[in-house]
Amino acid sequence: MNDQPMRPESDTRELVLDRLLDAPREKLFRIWTDPSTYGQWFCPKPWTVTKAELDVRPGGKSFIVMQGPEGQEFPSRGIYLDVVKNEKIVFTDAFTDAWTPSDRAFMVATVTFADEGGKTRYRAVARHWTPDARAEHEKMGFHEGWGIVATQLEALAKSM
């Protein structure tokens with residue numbers, strides 16, 4: 001199912017979150033691709049999503065605005081590189097609209113969903129352009145933040 005070569009977790013440009021979620025992959029994928037759900041799971045609370053525009057297809061764009069507890073806003077634009085229904089979503093912030101390069105390419109993310117014992121193996125891999133970008137993302141709280149988001153995603157899927 002995963003046609004990308006596995007890289008060792010010691011890769012100096014890669015961060016990985018791997019969890020077994022108690023929810024069907026179809027629900028998890030649907031939540032990932034439905035902008036109306038983003039405010040419920042996409043960033044760790046008390047952060048919120050104030051805007052989510054998604055065109056989930058290869059070459060489609062995304063625009064997500066996250067808001068911090070003090071009101072600060074963080075807009076994020078990107079492009080979907082690959083989408084396989086109920087299996088995989090690959091996106092990057094290297095491009096914005098119509099393959100226009102972004103001001104700063106930071107990462108390519110691959111999120112996969114695989115059946116495992118009645119649950120879903122949820123794997124999020126963030127590949128960064130440089131080891132420094134990886135270190136920056138880790139320092140920003142990749143493991144804790146993406147872990148909280150996975151827990152919120154699972155809870156939302158279970159409530160649907």
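Note: the structure precedes this text.
Just so it is clear, the model here is predicted, and its values are computed rather than measured.

Participant: Help me understand the pattern of salt bridges in this model?
Facilitator: By the definition in use, this model includes twelve salt bridges. In this structure, K51 and E53 form a salt bridge, with 3.5 Å as the shortest nitrogen-oxygen distance. A relative accessible area of 37% means that K51 is categorised as partly exposed. Classification of E53 as partly exposed rests on a relative accessible area of 40%. As a salt-bridge pair, K88 and D82 come within 3.1 Å of each other at their nearest N and O atoms.

Participant: Is there a simple way to think about the environment of P24 in this case?
Facilitator: Turning to its location among the elements, P24 is positioned in the loop between strand 1 (14-21) and helix 1 (25-33). Each C-alpha atom, one on P24 and one on K158, is 8.7 Å from the other, the two residues being 134 residues apart in sequence.

Participant: Could you clarify how one ought to interpret helix 4 (residues 142-159) in this entry?
Facilitator: Since the α-helix advances by 3.6 residues per turn, residues separated by three or four positions end up pointing in the same direction. Between its first and last C-alpha, helix 4 extends 25 Å over 18 residues, near the 26 Å set by a 1.5 Å rise per residue. Taken together, the buried positions of helix 4 are occupied by F142, G145, W146, G147, V149, A150, Q152, L153, E154, L156 and A157. On its buried side, helix 4 packs onto strand 1, helix 1, helix 2 (38-41), strand 6 (107-116), strand 7 (119-128) and helix 3 (131-139).

Participant: Even after reading the chapter, I still don't get the packing of aromatic side chains, so can you show me in this structure?
Facilitator: How two aromatic rings sit relative to each other is set out by the distance from centre to centre and by the angle between their planes. Throughout the structure, instances matching the rule amount to 13 aromatic pairs. Each ring, one from W47 and one from F74, has its centre 5.5 Å from the other, and the planes form 45°; the classification is tilted. Placement of the pair is W47 in the loop between helix 2 and strand 2 (48-54) and F74 in strand 4 (residues 73-84), with a sequence separation of 27 residues. Note on Y80 and F91: the rings are 6.5 Å apart at their centroids and 65° apart in plane angle, and the pair reads as edge-to-face. Residue Y80 is found in strand 4, and its partner F91 is found in strand 5 (residues 88-92); the two are separated by eleven residues along the sequence. Each member of the pair, Y80 together with F91, is buried. Through pairs of rings, three or more aromatic residues link up here, namely W32, Y38, W41, F42, Y80 and F91. Taking the ring centre of F63 as reference, the NZ or CZ of R77 above it sits at 3.9 Å.

Rules used in this analysis
Every chain's residues receive numbers from 1 upward, in the order its sequence appears when written. Given that this is a predicted model, residues contribute local features only at a pLDDT of at least 70 and side-chain atom pairs are listed and counted only at 80 or more, while totals for whole chains, interfaces and linings are drawn from all residues. Side-chain measures here rest on the full set of heavy atoms in the structure, leaving out hydrogens and waters. Should a side-chain nitrogen of Lys or Arg be within 4 Å of a carboxyl oxygen of Asp or Glu, the pair is scored as a salt bridge. Remark: exposure states derive from per-residue accessible area (1.4 Å probe, protein chains only) relative to the maximum for the residue type, with buried under 20%, exposed over 50%, and partly exposed in between. Only runs of H or I of at least four residues qualify as helices and only runs of E of at least two qualify as strands under DSSP, and these elements are numbered from the N terminus. For a helix, the expected span equals 1.5 Å multiplied by the number of residues minus one. In this description, contact between two residues means that some pair of their heavy atoms is separated by no more than 4.5 Å. A pair of aromatic rings is counted whenever rings of Phe, Tyr or Trp (Trp by its six-membered ring) have centres within 6.5 Å, and the orientation is called stacked for planes under 30 degrees apart, edge-to-face for over 60 and tilted otherwise. Throughout this description, the term charge over a ring refers to an Arg CZ or Lys NZ atom that lies within 6 Å of the ring centre and within 35 degrees of the ring normal.

Remember that the coordinates give geometry; whether it matters functionally is a separate question.
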